[in-house]
Amino acid sequence: MTEADTALGYEQARDELIEVVRKLEAGGTSLEDSLALWERGEELAKVCRHWLEGARARLDSALAERDGGGEGGGSGDRGE
């Protein structure tokens, strides 16, 4: 991930990724352009994954505090 990519918000990265996919699906681009689009899509997917993993960690932490009384405790079993 480049420094510019890490500055992208989730929604920005997702929207750009959607556009990359549309261009690839539409076809009509050269092999070189298609590869560049693919590589950009991979980077954008990493940005999205980074944001989603961070959100998951924050949710897990908040649930652990709620369920474990803030002691970081709990067995991790939330009755799921």
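Just so it is clear, the model here is predicted, and its values are computed rather than measured.

Q: Which residues make up the overall build of the protein chain, and what are the values?
A: Each helix and strand counted, the protein chain has three helices and zero strands in total. For the protein chain, the α and β elements follow one another from N to C terminus as α-α-α. Here the protein chain holds 80 residues, and the buried ones make up 15% of them. Relative to all contacts within the protein chain whose residues are 6 or more apart in sequence, the contacts with residues 24 or more apart total 68%. Only carbon and sulfur atoms are counted for the fraction: they give 52% of the accessible area of the protein chain, which is about 6100 Å².

Q: Break down the nonpolar core for me, with residues and values.
A: Counting residues in each nonpolar core, the largest one holds seven residues, listed as Leu8, Ala13, Val20, Leu37, Leu44, Val47 and Cys48. If you list the elements that add at least two residues to this core, you get helix H2 (10-26) and helix H3 (31-68). For this core, the leading source of residues is H3, giving four residues. When residues no more than four places from it in sequence are discounted, the contact partners of leucine 37 are Val20, Lys23 and Leu24.

Q: For the confidence of the model for the protein chain, give the residues involved together with the corresponding values.
A: Summarising the model, the protein chain shows a mean pLDDT of 87, and 80% of its residues fall at 70 or more. Looking across the protein chain, the model is least confident in helix H1 (residues 3-7), with a mean pLDDT of 71, and most confident in H2, with 97.

Q: For the packing of H2 against H3, give the residues involved together with the corresponding values.
A: At a closest axis distance of 9 Å, the pairing of H2 and H3 adopts a crossing angle of 150°. Considering their axes alone, H2 and H3 lie roughly antiparallel with respect to each other. The interaxial crossing formed by H2 with H3 has left-handed handedness. The residues of H3 that touch H2, namely those facing Tyr10, Ala13, Arg14, Glu16, Leu17, Val20, Lys23 and Leu24, are Ser34, Leu37, Trp38, Arg40, Gly41, Leu44, Ala45, Val47, Cys48, Trp51 and Leu52. Within the contact of H2 with H3, the residues separate by chemical class into 13 nonpolar, two polar and four charged.

Rules of the game
- Residues numbered from 1 in each chain as written.
- Predicted model: local features only at pLDDT ≥ 70, side-chain atom pairs only at ≥ 80, totals over all residues.
- Heavy atoms only, no water.
- Helix = DSSP H or I, 4+ residues; strand = E, 2+ residues; numbered from the N terminus.
- Buried < 20%, exposed > 50% of the residue type's maximum accessible area, 1.4 Å probe, protein only.
- Contact = heavy atoms within 4.5 Å.
- Areas by Shrake-Rupley, 256 points an atom, 1.4 Å probe, with all protein chains shown as cover.
- Core = buried A, V, L, I, M, F, W, Y, C linked by side-chain atoms within 4.5 Å.
- pLDDT = per-residue confidence, 0-100.
- Axes fitted to C-alpha atoms, helices over the stretch in contact; angles between N-to-C directions.
- Parallel < 35°, antiparallel > 145°, perpendicular 65-115°, else oblique.
- Left-handed = near helix turned anticlockwise from the far one by under 90°.
- Nonpolar A, V, L, I, M, F, W, Y, C, P; charged D, E, K, R; others polar.

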